[in-house]
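# Observations on chain architecture
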Amino acid sequence: MDVEAARLLAAGLCMGLGAIGPGIGEGICASRALEAMGRNPEMSGKLFTNMLIGMAISETTGIYALFITFLILFAV
Amino acid sequence: MSASSNITIVPGQIAEIGGFPITNAVFSFGIVMIIVLVFCFVVRAKLSLVPSRLQIVAEGLVEYLDGMLKDQFISRKWAKFFLPVMVALFLMIFVANQFTIIPLMQTIMVEGDVSVALFKNPTADLGLTLILSLLVILTAQFIAFFTSPLGHLGNYFKFKPLFQSKSVGDFFMNLIDFFLGLLDIVGELAKIASLSARLFANILAGEMMILIISGIAAWTAYIIPMPFFALGLLSGAIQTLVFVFLSIGFLSGTINAVEPETT
């Protein structure tokens, strides 16, 4: 396997594996928030903003993976 | 790969003043500061009992951050002290994140050995986000240290409970606590890295997504990147809130730990 092929493989693997965790995390976040909104609809405005913040934080690891992928593809 | 020629992580240098390179990110951040200053002065000049729309926005922002700070800090003094800092952080990062939507931004170039764009999204440069997060963490450390030097150091080097342990089992529990306290020092460094890399990578990823999508083929350059622009606007706004929220969290966590437990 030459270096170019290894780089492309590494980029694909990095992004693919890195997307698993945030996917699960955001799913849990959204499901719990929806559950709470269903129980208590008048709180939904506050819950929604807090849900977005929580999602953005759990998304971070995915963003790190995307960043590393860009580094592998374009900067190394 | 045609798209890869546009993609750079290091900001381009556009001028040099007295040996210091002026990059396009620094230049753009200057413009961001001017925008924020103008906003503040306009709001300040038009303050009235019957609020204008601009005043409602500004008051809502200040009230929201004030409520957040009062929730997090034990003492009112620090909540009041950090309100202007947090409002300034919020406004600057918010304007900087939305810098991409200013028209003609990518197209004005500076000629040179390597021609670079005149404007660049300032938060898509690790320098700015690293400085902002260093500012937050170092402020927390310094304030905590000068409020109670021994108490603050005692949160990292937990010798005191080690000598006060009453039995062998107690001693081992305190030994574990001691090493966990040492690990907190690494945690402080990790806070700086994660806080800066989160904002930087989010904005950079949004920019690169648009570049790559518009670079795939000739027909993807026009309508197709628009949803990604909208996504960039949304994530820019959310990341601003996340940065400010986490800054308040880190500041209050470090400073509350050395406050006397009176309230």
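The rules we used
Residues numbered from 1 in each chain as written. Chains lettered and ligands numbered in written order. Predicted model: local features only at pLDDT ≥ 70, side-chain atom pairs only at ≥ 80, totals over all residues. Heavy atoms only, no water. Helix = DSSP H or I, 4+ residues; strand = E, 2+ residues; numbered from the N terminus. Rg over C-alpha atoms; globule rule 2.2 N^0.38 Å. Buried < 20%, exposed > 50% of the residue type's maximum accessible area, 1.4 Å probe, protein only. Contact = heavy atoms within 4.5 Å. Areas by Shrake-Rupley, 256 points an atom, 1.4 Å probe, with all protein chains shown as cover. Lys, Arg positive; Asp, Glu negative; His and termini not counted. Charge placed at Lys NZ, Arg CZ, Asp CG, Glu CD. Expected span 1.5 Å × (residues − 1). Buried area = accessible area lost by both parts, 1.4 Å probe. Salt bridge = Lys/Arg side-chain N within 4 Å of Asp/Glu carboxyl O. Polar contact = N/O pair within 3.5 Å; in protein donor to acceptor, adjacent residues only side chain to side chain. Nonpolar A, V, L, I, M, F, W, Y, C, P; charged D, E, K, R; others polar. Axes fitted to C-alpha atoms, helices over the stretch in contact; angles between N-to-C directions. Parallel < 35°, antiparallel > 145°, perpendicular 65-115°, else oblique. Left-handed = near helix turned anticlockwise from the far one by under 90°.

On a plain count of helices and strands, chain A comes out with 4 helices and 0 strands. In chain A, the order of α-helices and β-strands from amino to carboxyl end is α-α-α-α. For chain A, whose C-alpha radius of gyration is 17 Å, the value lies well above the compact-globule estimate of 11 Å for 76 residues. The dimensions of chain A, computed from C-alpha atoms along their principal axes, are 60 × 20 × 10 Å. A total of 76 residues make up chain A; the buried ones form 25% of that total. For chain A, the share of sequence-separated contacts (at least 6 apart) that also reach a separation of at least 24 residues comes to 76%. Carbon and sulfur atoms make up 72% of the accessible area of chain A, which totals about 4600 Å². Positive and negative side-chain charges of chain A, numbering 4 and 6 respectively, have mean locations separated by a distance of 11 Å.

Looking now at helix H2 (residues 53–72) of chain B. Residues and elements named next belong to chain B. For H2, spanning 20 residues, the distance from its first C-alpha to its last is 29 Å, which sits close to the expected 28 Å at 1.5 Å a residue. Residues Gln55, Ala58, Leu61, Leu65, Asp66, Met68 and Leu69 constitute the buried set of H2. Tucked inside the fold, the buried residues of H2 contact helix H1 (24–45), helix H3 (76–97) and helix H8 (226–256).

This paragraph deals with the interface of chain B and chain A. Contact with chain B, which involves 20 residues of that partner, is made by 14 residues of chain A. Both faces combined, the contact of chain B with chain A buries some 1600 Å², and carbon together with sulfur accounts for 84% of it. Counting the contacts that link chain B with chain A gives 0 salt bridges. Our count for the contact surface shared by chain B and chain A stands at 2 residue pairs in polar contact (both at pLDDT 80 or more). Sort the elements by how many residues they give to the side of chain B that touches chain A and helix H7 (residues 168–215) of chain B lands first, with 10 residues. Here the residues of the side of chain B that touches chain A are counted per class, giving 15 nonpolar, 4 polar and 1 charged.

Here helix H3 (residues 44–58) of chain A contains 15 residues, and its C-alpha end-to-end distance of 20 Å stays within 8% of the 21 Å for a straight helix at 1.5 Å per residue. Looking at the packing, one finds that the buried side of H3 of chain A touches helix H2 (20–39) and helix H4 (60–75) of chain A together with H8 of chain B.

Residues and elements named next belong to chain B. In contact at an axis separation of 10 Å, H2 and H8 are set at 30° when each is read in the N-to-C sense. In terms of orientation, H2 and H8 fall into the roughly parallel class. Classified by chirality, the crossing of H8 by H2 is right-handed. Facing H2, whose interface residues are Tyr64, Leu65, Met68, Leu69 and Gln72, H8 presents Leu241, Val244, Phe245, Ile248, Gly249, Ser252 and Asn256. Counted by class, the contact of H2 with H8 contains 8 nonpolar, 4 polar and no charged residues.

The next subject is the packing of H2 of chain A against H3 of chain A. Residues and elements named next belong to chain A. Two elements in contact, H2 and H3, have axes separated by 9 Å at closest approach and are oriented at 170°. As the angle between them shows, H2 and H3 are arranged roughly antiparallel. Residue-level contacts link Pro22, Gly25, Glu26, Cys29, Ala30, Ala33, Ala36 and Met37 of H2 to Ser44, Leu47, Phe48, Met51, Gly54, Met55 and Ser58 of H3. Tallied by class, the residues present in the contact of H2 with H3 amount to 10 nonpolar, 4 polar and 1 charged.

A separate point is the pattern of salt bridges. All names here are of chain B. Counting across every chain of the model gives 3 salt bridges over all chains. Close ionic contact of Lys70 with Asp66 constitutes a salt bridge, the shortest N to O distance being 3.1 Å. Here Lys70 pairs with Asp66, and both are found in helix H2, just 4 residues apart, close to one helical turn. Classification of Lys70 by relative accessible area gives partly exposed; the value is 36%.

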